[in-house]
Amino acid sequence: MVPHLVTALSGPINALEARILESMPAIERWFRLEWMEHTPPFYTSVDLRNAGFKLAPVDTNLFPGGFNHLTAEMLPLAVQAAMAAIEKICPEAKNLLLIPEPATHNPFYLMNLQRLVRIFGQAGLNVRLGSLDPGLKQPAKLALPDGSEIELEPLLRTRGRLGLKGFDPCTILLNDDLAAGVPRVLENLHQQYLLPPLHAGWSVRRRSRHFKSYEEVAKKFAKLLGMDPWLINPLFASCGEVDLHAKPGLEAVQTQAEALFVKLRRKYKEYGIAEKPFVVVKADNVAGMGIMTLRDPKEIEQIHERLRQAGPGGTPCPGLAGVLVQEGVPTYERMNDAVAEPVVYMIDRYVVGGFYRVHADRGRDENLAAPGAKFVPLAFAESNQLPRAGAKPGASAPNRFYMYGVIARLAMLAASYELEATDPEAEIYE
């Protein structure tokens, strides 16, 4: 199904969908040539926002933890993509060690692990789970909501190799974003493939670097289609490291927000968009502070205390923190009258499925990745790779979701640029 949109999409988003569909051969060839030069991340999920007047990614995750939200109909695509990814990296692979987030007992996340075990098991690998929790000394079985269970085992480090008791893998798959830093047990592994690499974790990644790479990709793609890159690119400004405990730090954030509002008002006027723009303030990495919406730069003074909070727990953020100010992209998509946004999942360079993140208590200009969110696996109920020629824009689910898949792949390509730039074995990066 195509989600209900409050606004009549007779403007740029329908024109974008039509342009993408008519340009599909050129687009697929363009991606093919890019992947000849760049290596895609092992797996990726991308949060998109459809504002009616633009469609853009707002977050790119290199350690996706929601494979349980994909429907059974999507699994064949995921298995095929997993096969392709493993064959490219280690064709003779037999054993895969899957390392999840440490000390997690969230039942939905555990279902995600179960789904990953199934995908890579059907791709021809023996899959076992190794825990980063140093307190785990014996294998532990964890019950799942469907009545089944999974087993976590303590990791064993032996002479530069990581495995489990009686299990020596050639490939290690991380499903932890390393926001808390890189555990020593993962460093200096020899003759084993660690996927994604350590520099894909949030101990190294920065949102500003990713969106700078995405800006580059969006410009190339927009040139190919003869369109304004702003229609697929969220503008942003990096504040660098600022002291959120001091007034000059907040003033620096406000200055960047004011400059971004000027650019957005100009764009809104250019496209005849009647509503008011907004921006979001977020940490340059995932730690340090929550995501806040600013509808006016002066609001920075009113949310002084909120800006100094790390999240729902109210833990004060450190004095120095990297801060990103980004164009807010509203979402006009609705599922049963609740605000929704599409999330696209990929393995290697292939779209394998997706779902809607739905939040009944949030507005169209707010962060939906918050407690109370629900997940509706309808976005790719039909194949996103088989759009319907001649269908009216906005009327065909496969066409709309093909467009979503294209934008998500642009974000994935940007992530590959980003990883190349931060590879410690390549040239020194900024």
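Residues numbered from 1 in each chain as written. Predicted model: local features only at pLDDT ≥ 70, side-chain atom pairs only at ≥ 80, totals over all residues. Heavy atoms only, no water.

Right, let's get into the overall build of the chain. Across its full length, the chain holds nine helices and 19 strands. Relative to all contacts within the chain whose residues are 6 or more apart in sequence, the contacts with residues 24 or more apart total 69%. Element-wise, carbon and sulfur atoms account for 52% of the exposed surface of the chain, whose accessible area totals about 19200 Å². (Helix = DSSP H or I, 4+ residues; strand = E, 2+ residues; numbered from the N terminus. Contact = heavy atoms within 4.5 Å. Areas by Shrake-Rupley, 256 points an atom, 1.4 Å probe, with all protein chains shown as cover.)

The next thing to look at is the pairing of strand β10 (residues 171–175). Counting buried residues along β10, five of its five residues qualify, which places the element largely inside the surrounding structure. The alternating pattern of β10 places T171, L173 and N175 on one face and I172 and L174 on the opposite face, and all of these are buried. As paired strands, strand β4 (residues 95–100) and β10 are joined by five bridges and run parallel to one another. Bridging from a neighbouring strand, L97 pairs with I172 of β10. (Buried < 20%, exposed > 50% of the residue type's maximum accessible area, 1.4 Å probe, protein only. Pairing = 2+ DSSP bridges.)

Moving on: the environment of Y268. Tracing the sequence through the fold places Y268 in helix α6 (residues 247–270). Through-space distance from the C-alpha of Y268 to that of F53 is 9.4 Å; in sequence the pair is 215 residues apart. Beyond its immediate stretch of four places on either side in the chain, Y268 contacts F53, W230, I273, E275, K276, P277 and G328.

Relative to the helices and strands, T293 resides in strand β14 (residues 292–294). Polar side-chain contacts of T293 include one of 3.0 Å to the backbone oxygen of D365. The residues touching T293, leaving out its near neighbours within four places in the chain, are F278, V279, V280, E299, D365 and E366. (Polar contact = N/O pair within 3.5 Å; in protein donor to acceptor, adjacent residues only side chain to side chain.)

Spatial ordering of the open sheet is given by β6-β7-β5-β4-β10-β11, a layout of six strands whose pairing is mixed. Every interior strand has two partners, whereas the edge strands, β6 (140–143) and β11 (193–195), have only one. Within this sheet the neighbouring strands show an average axis-to-axis angle of 35 degrees, counted without direction. In the packing of helix α4 (residues 107–122) onto the sheet, contacts are made with β4, β5 (126–131), β6, β7 (149–154) and β10, and the angle to β4 comes to roughly 165 degrees. (Axes fitted to C-alpha atoms, helices over the stretch in contact; angles between N-to-C directions.)

With their axes 11 Å apart at the nearest point, helix α2 (residues 24–37) and helix α5 (residues 207–225) run at an angle of 145 degrees to one another. Seen from above, α2 lies across α5 with right-handed handedness. For the pair formed by α2 and α5, the contact residues are A26, I27, W30 and E34 on the first element and V217, K220, F221, L224 and L225 on the second. Counted by class, the contact of α2 with α5 contains seven nonpolar, no polar and two charged residues. (Left-handed = near helix turned anticlockwise from the far one by under 90°. Nonpolar A, V, L, I, M, F, W, Y, C, P; charged D, E, K, R; others polar.)

In the predicted model, the chain carries a mean pLDDT of 86, and 86% of its residues have values of at least 70. The element-level mean pLDDT for the chain is lowest in strand β1 (residues 4–5), coming to 54, with α5 highest at 97. This model gives residues 310–315 a pLDDT under 50, and the stretch forms eight contacts once residues within four places in sequence are excluded. (pLDDT = per-residue confidence, 0-100.)

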